[in-house]
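Coordinates in review
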Amino acid sequence: MAVAVEELKAGGVVALPTETVYGLAADAFNAEAVAKIFEVKKRPSFDPLIVHLARAKDLAKVAVVPEELQDLVKKLTKEFWPGPLTLVLPKTEAVPDIVTSGLPTVAVRISKHEVMRGVAKELGNPIAAPSANIFGRISPTSASAVLAELGGRIPLVVDGGACGEGIESTIVAVDMDGGKPVLWMLRPGPVTREDLRKFARVAKPKEGKGQVAAPGQLESHYAPRTPLLLFEKPEDFVPEEGKTYGLLSYRGEEKDGYVGRHEWAVTEIMSPGSGKMSEAAVRLFHLLRKLDESGVDAIVAEPVSTARLGAAVMDRLRKAAGSAS
Ligand code: AMP
Ligand code: MG
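Residues numbered from 1 in each chain as written. Chains lettered and ligands numbered in written order. Predicted model: local features only at pLDDT ≥ 70, side-chain atom pairs only at ≥ 80, totals over all residues. Heavy atoms only, no water.

1. With respect to the sheet that holds strand β4 (residues 85-90)
Spatially, β1-β2-β6-β3-β5-β4-β7-β8-β9 is the arrangement adopted by the nine strands of the open sheet, whose pairing is mixed. Each end of this open sheet is capped by a strand with a single partner; those strands are β1 (14-16) and β9 (201-203). Each of β2 (23-27) and β6 (127-128) touches helix α2 (residues 31-41); the most contacted strand, β2, lies at about 155° to it. Here helix α4 (residues 70-80) sits on the sheet and contacts β4, β7 (170-177) and β8 (180-187); the angle it forms with β4, its principal contact strand, is near 155°. (Pairing = 2+ DSSP bridges. Helix = DSSP H or I, 4+ residues; strand = E, 2+ residues; numbered from the N terminus. Contact = heavy atoms within 4.5 Å. Axes fitted to C-alpha atoms, helices over the stretch in contact; angles between N-to-C directions.)

2. Let's talk about the side chain of Asn133
By secondary structure assignment, the location of Asn133 is in the loop between β6 and α7 (143-150). Those residues in contact with Asn133 that lie beyond four places of it in its chain are Lys41, Ile138, Ser139, Pro140, Glu149 and Leu150.

3. Quick word on the sheet that holds strand β13 (residues 298-301)
The sheet built from four strands is open, its strands ordered β10-β13-β11-β12 with parallel pairing. Looking at the sheet topology across the chains shown, the edges are occupied by β10 (228-230) and β12 (266-269). For this sheet the average axis-to-axis angle between neighbouring strands, irrespective of direction, equals 25°. With four bridges connecting them, strand β11 (residues 245-249) and β12 associate as parallel partners. Across the sheet, residue Ser249 finds its bridge partner in β12, namely Ile269.

4. Details of the nonpolar core
One finds Leu59, Leu85, Leu87, Leu183 and Leu196 to be the most contacted residues of the largest nonpolar core, which totals 49 residues. Among the elements that make up this core, the one with the highest residue count is α2 (five residues). Ignoring any residue separated from it by four or fewer positions in sequence, one finds Leu87 in contact with Val73, Leu76, Thr77, Trp81, Val106, Ala107, Val108, Val172 and Val174. (Core = buried A, V, L, I, M, F, W, Y, C linked by side-chain atoms within 4.5 Å. Buried < 20%, exposed > 50% of the residue type's maximum accessible area, 1.4 Å probe, protein only.)

5. As for the packing of helix α1 (residues 2-9) against helix α6 (residues 114-123)
Two quantities define a packed helix pair, namely the angle between the helix axes and the distance between the axes. Look at α1 against α6: their axes get within 10 Å of each other, and the N-to-C directions meet at 50°. Taken together, the axes of α1 and α6 lie oblique to each other. Crossing geometry of α1 relative to α6 is assigned as right-handed. Facing Val5, Leu8 and Lys9 of α1, the residues of α6 in contact are Val119, Glu122 and Leu123. Looking at the contact of α1 with α6 residue by residue, the classes come out as four nonpolar, no polar and two charged. (Parallel < 35°, antiparallel > 145°, perpendicular 65-115°, else oblique. Left-handed = near helix turned anticlockwise from the far one by under 90°. Nonpolar A, V, L, I, M, F, W, Y, C, P; charged D, E, K, R; others polar.)

6. A few points about unusual backbone geometry
At the junction of Trp81 and Pro82, the peptide bond is cis and its omega measures out at -10° in the coordinates. Tracing the chain through its elements places Pro82 in the loop between α4 and β4. Even without being a glycine, Lys42 presents a positive backbone phi close to 55°. Along the chain, the position of Lys42 falls in the loop between α2 and β3 (50-52). A relative accessible area of 53% places Lys42 in the exposed class. Positive phi, close to 55°, is recorded for Ser101, a residue that is not glycine.

7. With respect to α1
In an α-helix, one turn spans 3.6 residues, which is why side chains three or four residues apart end up on the same side. All buried positions along α1 are accounted for by Ala4, Val5 and Leu8. Each buried residue of α1 lies within a common arc of 100° when the element is viewed along its axis, so the set occupies one face. Exposed residues lying more than 90 degrees from the buried face of α1 are Ala2 and Val3. Residue Gly11 follows α1 closely and has a positive phi angle near 85°. (Arc of directions from axis to C-beta.)

8. Looking at the pattern of salt bridges
As enumerated under the stated definition, the model contains 20 salt bridges in all. With a shortest N-O distance of 3.8 Å, Lys61 and Asp58 are connected by a salt bridge. Here Asp58 falls in the buried class, since its relative accessible area comes to 9%. Here Asp292 makes a salt bridge to Arg137, at a shortest N to O gap of 3.3 Å. Residue Asp292 is located in helix α9 (residues 277-293), and its partner Arg137 is located in the loop between β6 and α7; the two are separated by 155 residues in the primary sequence. Judged on exposure class, the residue Asp292 and its partner Arg137 are both buried. Members of the salt-bridge network, linked through shared partners, are Arg137, Glu149, Arg289 and Asp292. (Salt bridge = Lys/Arg side-chain N within 4 Å of Asp/Glu carboxyl O.)

This is the structure:
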């Protein structure tokens with residue numbers, strides 16, 4: 001960890017574990033260092049980064065919370081930080097424009113992972129860290145996946161083991177609408193709509209309100225190189241002559257309609273154990289990588305329920321398939 005802090009202090013970038021996915025980190029207050037993140041990721045400059053804090057009281061360094069939203073922000077941070085909830089709030093002058101792609105707002109969270117939090121604490125500055133993958137590709141959920149993505153392009157990956165959540169943080173813009181606080185859902189994630197509803201109205205961003213150029217909102221993202229196909233129902237899948245297909249199944253059960261439908265070249269099961277969605281979320285990107293590397297012509301993914309955490313899993317599947325959610 002000390003080596004990572006030194007590298008960041010020197011204006012370099014390093015890959016660090018978080019509880020969601022691995023992040024590519026730089027000192028958020030060093031614009032030149034942040035520029036390296038964009039370079040390494042081949043990320044377009046219109047795509048803003050998430051800023052990680054060491055502790056909640058550091059929020060004031062990066063964000064100005066409007067008076068009428070202070071109560072809500074306090075409740076949200078108390079309940080969900082450290083954890084996989086990213087808040088979009090008006091930014092302070094200290095945050096360089098390159099971090100927010102020139103937006104007046106900043107996306108901020110505190111990771112539950114002690115490495116990310118510890119490094120931010122030692123550095124003394126917030127850390128800008130998007131997922132440690134080439135832009136548009138599958139987010140890495142292990143140190144080996146980071147090396148597969150960015151090996152040779154970065155000096156250091158801190159191996160913190162497999163990510164506990166496996167899916168990127170929930171992002172909400174905290175705003176006022178019609179005189180009342182609202183949470184614009186910019187990206188579904190481990191903190192679900194159902195969790196957030198207890199605190200404020202949760203809504204889809206509308207034109208000009210909480211609306212940003214978020215890749216979470218681009219139609220194709222988190223994508224394998226192999227085409228990923230999603231169907232409304234199993235009968236809609238018609239294999240092409242001479243092509244091989246891999247199946248990404250939720251539970252690997254016949255009754256879901258996909259397993260017995262075709263002679264799959266490979267079958268990967270998201271939730272082989274308890275059939276719980278959290279297991280599916282943890283394994284999703286790992287299995288997408290595996291299927292991508294298996295050499296099949298296309299991957300067919302079983303759709304999952306969109307209740308609670310399923311909304312985030314289904315969002316990533318839709319984006320991997322290149323179809324808008
Ligand atoms: P990544 O960590 O690669 O998943 O990317 C960070 C996500 O946070 C992207 O989807 C960004 O668009 C989003 N984001 C960062 N800053 C802002 C902001 N100021 N407003 C809205 N979304 C943001
Ligand atoms: Mg990303």
